[in-house]
Amino acid sequence: MTKSKLTLRQALADKRMLAILFLSFASGLPYNLSSFTTQAWLASENLNIKTIGIFTLVALPYSFKFLWSPLLDRYFPPILTRRRGWIVIFQALLTVCIALMGFCSPTQTLYLLGSLAVAVAFFSASQDIVIDAYRVDTIPPSERGLAASASALGYRTAAAIGGSLLVIIADKSSWKIAYIGVAFLMAAVMFTTVWTDEPVAPKHPPRALKEAIGLPLLDLLKQKWIWGFLALAFLYKFGDAFALSLYSTFMIKGMHFSLAELSIAGKINMTISAIVGTSIGGWAFLRFGMFRTLLVFGIAQALTNLLYMWLAFAGKKVWLLALSTSIDTMVGGMGLAAFTAFLMSLCNVNFSATQYAILSAIATLPSKVTGAIAGPVVASIGWGHFFIVTCLTAVPGLLMLIAMRGPLNELSERDSSARS
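Just so it is clear, the structure is predicted and the values come from calculations on it, not from any experiment. (Residues numbered from 1 in each chain as written. Predicted model: local features only at pLDDT ≥ 70, side-chain atom pairs only at ≥ 80, totals over all residues. Heavy atoms only, no water.)

**A few points about the overall build of the chain**
Inference 1: Looking only at helices and strands, the chain features 21 helices and zero strands.
Inference 2: Relative to its 420 residues, the chain shows a buried fraction of 56%.
Inference 3: Taking the intrachain contacts of the chain between residues at least 6 apart in sequence as the baseline, contacts between residues at least 24 apart amount to 85%. (Helix = DSSP H or I, 4+ residues; strand = E, 2+ residues; numbered from the N terminus. Buried < 20%, exposed > 50% of the residue type's maximum accessible area, 1.4 Å probe, protein only. Contact = heavy atoms within 4.5 Å.)

**Here's the deal with helix H20 (residues 395-403)**
Inference 1: All of the buried residues along H20 are Gly397, Leu398 and Leu401. Seen along its axis, H20 keeps its buried residues to an arc of 100°; they face one direction. Turned more than 90 degrees away from the buried face of H20, the exposed residues are Leu399 and Ala403. (Arc of directions from axis to C-beta.)

**Notes on the packing of helix H11 (residues 209-221) against helix H18 (residues 352-381)**
Inference 1: At a closest axis distance of 9 Å, the pairing of H11 and H18 adopts a crossing angle of 60°. Taken together, the axis directions place H11 and H18 in an arrangement best described as oblique. Between H11 and H18 lies a crossing of right-handed hand. Across the interface between the two elements, Ala212, Pro216, Leu217, Asp219 and Leu220 of H11 pack against Thr354, Gln355, Ile358 and Leu359 of H18.
Inference 2: Of the residues that constitute the contact of H11 with H18, the class distribution is six nonpolar, two polar and one charged. (Axes fitted to C-alpha atoms, helices over the stretch in contact; angles between N-to-C directions. Parallel < 35°, antiparallel > 145°, perpendicular 65-115°, else oblique. Left-handed = near helix turned anticlockwise from the far one by under 90°. Nonpolar A, V, L, I, M, F, W, Y, C, P; charged D, E, K, R; others polar.)

**Structural notes on the environment of threonine 192**
Inference 1: Inspection of the secondary structure puts threonine 192 in helix H10 (residues 190-195).
Inference 2: With 166 residues separating them along the chain, threonine 192 and alanine 26 place their C-alpha atoms 9.0 Å apart.
Inference 3: In terms of polar contacts, threonine 192 uses its side chain to reach the backbone carbonyl oxygen of valine 189, at 2.6 Å. (Polar contact = N/O pair within 3.5 Å; in protein donor to acceptor, adjacent residues only side chain to side chain.)

**Brief notes about a nonpolar patch on the surface**
Inference 1: A cluster of nonpolar side chains, namely Phe313, Ile388, Leu392, Val395, Leu399 and Ile402, defines an oily patch on the protein surface of about 560 Å² accessible area.
Inference 2: With three residues, the single largest contributor to the nonpolar patch is H20.
Inference 3: Position of leucine 399 among the secondary structure elements: in helix H20. (Patch = residues over 30% accessible without salt bridge, like charges linked within 9 Å, V, L, I, M, F, W, Y side chains within 5 Å. Areas by Shrake-Rupley, 256 points an atom, 1.4 Å probe, with all protein chains shown as cover. Salt bridge = Lys/Arg side-chain N within 4 Å of Asp/Glu carboxyl O.)

**So, unusual backbone geometry**
Negative phi characterises most residues that are not glycine, and trans characterises most peptide bonds.
Inference 1: A positive phi angle, close to 65°, is found at tryptophan 225, a residue other than glycine.
Inference 2: Note on placement: tryptophan 225 falls in the loop between H11 and helix H12 (226-235).
Inference 3: By relative accessible area, tryptophan 225 is classed as partly exposed at 42%.

**Thoughts on the packing of aromatic side chains**
Inference 1: By the definition in use, this model includes 20 aromatic pairs.
Inference 2: Taking 6.2 Å as the distance between ring centres and 80° as the angle between the ring planes, the aromatic pair formed by tyrosine 247 and tyrosine 308 counts as edge-to-face. Of the two residues, tyrosine 247 is situated in helix H14 (residues 247-254) and tyrosine 308 in helix H16 (residues 290-314); the sequence distance between them amounts to 61 residues. No difference in accessibility class separates tyrosine 247 from tyrosine 308, as the two residues are buried.
Inference 3: Between phenylalanine 250 and phenylalanine 387 the ring centres are 4.9 Å apart and the planes differ by 70°, which places this aromatic pair in the edge-to-face class. Of this pair, phenylalanine 250 sits in helix H14 while phenylalanine 387 sits in helix H19 (residues 383-392), and the two are 137 residues apart along the sequence.
Inference 4: Taking relative accessible area as the criterion, phenylalanine 250 reaches 1% and is therefore assigned buried.
Inference 5: Of the aromatic side chains, those joined through ring pairs into one cluster are Phe234, Phe238, Phe242, Tyr247, Phe250, Tyr308, Trp383, Phe386 and Phe387. (Phe/Tyr/Trp six-rings, centres within 6.5 Å; stacked < 30°, edge-to-face > 60°.)

**Things to note about H16**
Inference 1: Spanning 25 residues, H16 covers 37 Å between terminal C-alpha atoms, matching the ideal 36 Å at 1.5 Å per step.
Inference 2: Immediately downstream of H16, the backbone of glycine 315 shows phi near 95°, a positive value. (Expected span 1.5 Å × (residues − 1).)

**Looking at the nonpolar core**
Inference 1: Core analysis: the largest hydrophobic core is formed by 77 residues, its most contacted members being Ile98, Trp175, Tyr179, Phe250 and Met251.
Inference 2: If you tally residues by element for this core, the top one is helix H7 (residues 110-138), at twelve residues.
Inference 3: With near-sequence residues (within four places) excluded, isoleucine 98 lies in contact with Pro30, Leu33, Val120, Tyr179, Val182, Ala183 and Met186.
Inference 4: Residues Val136, Ala148, Phe342 and Leu359 belong to the second largest nonpolar core, which totals 32 residues. (Core = buried A, V, L, I, M, F, W, Y, C linked by side-chain atoms within 4.5 Å.)

**Focus on the environment of alanine 183**
Inference 1: With respect to the secondary-structure elements, alanine 183 resides in helix H9 (residues 175-188).
Inference 2: In this structure the C-alpha to C-alpha distance between alanine 183 and isoleucine 98, which are 85 residues apart in sequence, comes to 5.5 Å.
Inference 3: Filtering out sequence-adjacent residues up to four positions away, alanine 183 remains in contact with Thr95, Ile98 and Ala99.

**Quick look at the pattern of salt bridges**
Inference 1: Tallied over the full model, the rule gives five salt bridges.
Inference 2: Note that aspartate 132 is salt-bridged to arginine 135, the shortest N-O span being 3.1 Å. Within this pair, aspartate 132 and its partner arginine 135 are both found in helix H7, separated by three residues, close to a single helical turn.
Inference 3: Each of Lys65, Asp132 and Arg135 takes part in salt bridges that share partners, so that together they form one network.

**Overview of the side chain of aspartate 132**
Inference 1: Under the relative-accessibility criterion, aspartate 132 is labelled buried at 9%.
Inference 2: Residue contacts for aspartate 132: discarding those within four places in its chain leaves Lys65, Tyr356 and Ser360.

**Some thoughts on the side chain of threonine 304**
Inference 1: On the secondary structure map, threonine 304 appears in helix H16.
Inference 2: Separated by 2.7 Å, the side chain of threonine 304 and the backbone oxygen of glutamine 301 make a polar contact.
Inference 3: Discounting residues that sit within four places of it in the chain, threonine 304 has contacts with Ile327, Asp328 and Val331.

**Concerning the confidence of the model for the chain**
A low pLDDT score tells you not to read the predicted coordinates there in detail.
Inference 1: With 88% of its residues at a pLDDT of 70 or more, the chain has an overall mean of 80.
Inference 2: Averaged over each element, pLDDT in the chain is lowest for helix H1 (residues 8-11) (55) and highest for H20 (94).
Inference 3: The low-confidence segment residues 1-5 (pLDDT under 50) makes eight contacts with residues lying over four places distant or belonging to another chain. (pLDDT = per-residue confidence, 0-100.)

Encoded structure:
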């Protein structure tokens, strides 16, 4: 058995890992535009919590991206190459839609803003499909832990920087300038996409659209223990997603933090926490294996929800905002690195775009629908008790993880055999 000799420091000097890092940054940059920043914008305009909760549904394209992922596996783009060409096209479309969002108003053109937010989510999800496939196609099993760490690092950093930068600019000038600024940043990342290398083409890619739709699903479903793995993919981050579904609304309308306090104490520090957390997560996955890292980080993710409960009961305290968001982001980064490596292990490189899209859609579905549920729950029981409930909703995922210990160890052994 041959084990990876790459350390995280060496990986960052490897062009493949750098490509994963840059592409993951591009993937994370538009994510907050359909969640954190849009919520902050609506909350700052004093829209009611039920409207904001319903507005979280604009991110649903992330959970249905598997429906059009076969098209991206089967057809080649008109520019560049199979993977990078699609990425550049979606990045250009994102640039335009993000800029147009800046010209909208939540009070006067709410429906137009919502439509553009859905378009951003759609193109962002489409970009994610191809970037996820690029990662699976490029990285061998022996280096998936490091690739997952680099991926989580780029994604979380971009999401944190994009969210905090946009809110800071909006607080100092206007939301219009903020969104145009993010649009320019989105345009800039296209140069890194052109710089990256195209992965080696698969030996048996789908030859027709019918094959691109059917073969990936059949290949995935014939895997041993697959239904347990799918249930685990759905449940593992459920509590975490539920707690963060109304994060901006909680901080602005519930705790009355200003946009400046939220962006500086609650978001910029997340960048450092994301770097630390994802680095630890990738190292731990290589050192302790799949099951143990998923279990420890899963328990930690559930417990960090209680930090927000503490904040809710303690009242507005900037130091507690910084503490809770820092720890939550660090632990979330650890769990994301291990969880990404788990999802990658279930994919066949011949159908990587479609299979990873299916798995990630299942995994992210809770974060796209719980916002609509969270609004009425908060209105009924209050913020403090809400976060207690979110902690309890993580328990089914942990029980499923324990039940799947044997299959997860088999999956790890299968990856180990692939390293030989």
